[in-house]
Amino acid sequence: MSPLLWEATGQTAVMVGWSTLFTVLFGLPLGVCLAGTDRGGLFPAPAVRRVLGLVVNVGRSLPFIVLMIAVIPLTRVLTGTTIGTTAAVVPLTIGAAPFFARLVETALREVGRDVVQAAEAMGAGRVTIVTRVLLPEALPGLVAGLTVTVVTLISYSAMAGVIGGGGLGDLAVRYGYQRFETTLMVVTVVVLVVVVQLAQTLGDAVARRLSHR
């Protein structure tokens, strides 16, 4: 049991790690654009805002198992395969990026308008305000949002295992469910709970440390 658990845990860590990286790379700019193009934002553009909002809402509304099946052709183009840990990163990223973008938007909205106005009064440009004012001021909220996203990705990765993504979800299905090995199923669930708790605890600690309060 131990070698299987270690291998599956490693696969889950790889899936979550790479998908978290790509989620931040795509979701952070998208969230900044959502906040910035809104009325009263740094670069208001209602039409652009509506389009971005529609894209994000569509991405968030699809159940992950449906999304995984829908993006199989894209996954094959990008990775050359539709099964395995590498292939699972594609739907994981597509599923989590819109979710994280909304959390980024919410965190940026919580930054006081007076802080932005002070930066504008000193002649700071839009890019400078975003990189030197908004993002640093919203950092505790961004870390909290990233923590929620990582926990969501762990859940998604377990579902990815059902259709050949590997990881703890695949282990639970192939051995715990199909072979009726209840002990392995229970241990897999315990490992998932522990991983989620560790991620949440670490994220909360970092967010508190970064908070100005």
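Counting from 1, residues in each chain are numbered in the order their sequence is written. A pLDDT threshold of at least 70 governs which residues receive local features in this predicted model, and a stricter bar of 80 or more applies before side-chain atom pairs are shown or counted, although totals over entire chains, interfaces and linings include all residues. To obtain the side-chain values, all non-hydrogen atoms of the structure were used and water was disregarded.

Some words on the UniProt feature "transmembrane region" (unreviewed entry) in the protein chain
How we decide: UniProt positions are given in the numbering used here, feature names are shortened, and annotations may be inferred rather than shown by experiment. Counting from the N terminus, the helices are the DSSP runs of H or I reaching at least four residues and the strands are the DSSP runs of E reaching at least two.
Under the UniProt annotation, the feature "transmembrane region" (unreviewed entry) is placed at residues 12-35, 47-72, 78-101, 142-164 and 184-207. Taken end to end, residues 12-35 is 100% helix and 0% strand, and its first and last C-alpha atoms sit 32 Å apart. From the first C-alpha to the last, residues 78-101 spans 23 Å; its make-up is 79% helix and 0% strand.

Focus: a nonpolar patch on the surface
Our working rule: By definition, no residue in a patch forms a salt bridge, and every one has over 30% relative accessible area; like charges are joined within 9 Å, nonpolar side chains (Val, Leu, Ile, Met, Phe, Trp, Tyr) within 5 Å. Accessible surface is estimated by sampling points in the Shrake-Rupley manner with a 1.4 Å probe; for residues, cover comes only from the protein chains shown. Salt bridge criterion: a side-chain nitrogen from Lys or Arg within 4 Å of a carboxyl oxygen from Asp or Glu. Type-normalised accessible area, obtained with a 1.4 Å probe on protein chains alone, sets the label of each residue: buried when under 20%, exposed when over 50%, and partly exposed for intermediate values.
Taken together, the side chains of Leu54, Val58, Leu62, Ile65, Val66, Ile69, Val162 and Ile163 define a hydrophobic patch exposed on the protein surface, amounting to about 650 Å² of accessible area. Counting residues per element, the nonpolar patch draws most heavily on helix H3 (residues 64-70), which supplies three residues. Relative to the helices and strands, isoleucine 163 resides in the loop between helix H8 (139-160) and helix H9 (167-177). Judged by relative accessible area, isoleucine 163 falls into the partly exposed class, the value being 33%.

Quick word on the packing of helix H5 (residues 85-109) against H8
For any two helices packed against each other, the geometry is given by the interaxial angle and the distance between the axes. To keep it simple, the criterion reads: Throughout, an axis means a line fitted to C-alpha atoms (over the contacting stretch in the case of helices), and angles, computed between N-to-C directions, take values from 0 to 180 degrees. Angles below 35 degrees are treated as roughly parallel, those above 145 as roughly antiparallel, those between 65 and 115 as roughly perpendicular, and all remaining angles as oblique. Note on convention: near helix rotated counterclockwise from far helix by under a right angle means a left-handed crossing. Clockwise means right-handed. When checking whether two residues touch, look at their non-hydrogen atoms; a contact exists if any pair is within 4.5 Å. In this count, Pro and Cys sit with the nonpolar residues alongside Ala, Val, Leu, Ile, Met, Phe, Trp and Tyr, while Asp, Glu, Lys and Arg are called charged and the others, Gly among them, polar.
The geometry of H5 relative to H8 is characterised by a closest axis approach of 9 Å and an angle of 155° between their N-to-C directions. When the axes of H5 and H8 are compared, the pair comes out roughly antiparallel. The element H5 and its partner H8 pack so that their crossing is right-handed. Residues Ala88, Leu92, Gly95, Ala96, Phe99, Phe100, Leu103, Val104 and Ala107 of H5 form the contact with H8, whose participating residues are Gly141, Leu142, Gly145, Leu146, Val148, Thr149, Thr152, Leu153, Tyr156, Ser157 and Ala160. Counted by class, the contact of H5 with H8 contains 14 nonpolar, six polar and no charged residues.

With respect to the packing of helix H2 (residues 46-61) against H5
Direction vectors running N to C along H2 and H5 enclose 130°, while the axes themselves pass 8 Å from each other. The angle between H2 and H5 falls in the class oblique. Residue-level inspection shows Arg49, Gly53, Val56, Asn57, Gly59 and Arg60 of H2 in contact with H5, the latter providing Pro98, Phe99, Arg102, Glu105 and Arg109. Looking at the contact of H2 with H5 residue by residue, the class counts come to three nonpolar, three polar and five charged.

Let's talk about H2
Heads up, the rule is: The length a helix should cover is 1.5 Å for every residue beyond the first. To obtain the arc, one takes the directions from the helix axis to the C-beta atoms.
Here H2 is 16 residues long and its end C-alpha atoms lie 22 Å apart, about the 22 Å a rise of 1.5 Å per residue gives. Along H2, the residues that are buried comprise Arg49, Leu52, Gly53, Val56 and Gly59. Along the axis of H2, the buried residues cluster in a sector spanning 130°; they form a single face. Away from its buried face, by an angle of more than 90 degrees, H2 presents the exposed residues Arg50, Val51, Leu54, Val55 and Ser61. Among the structural elements, helix H1 (2-36) and H5 are those in contact with the buried residues of H2.

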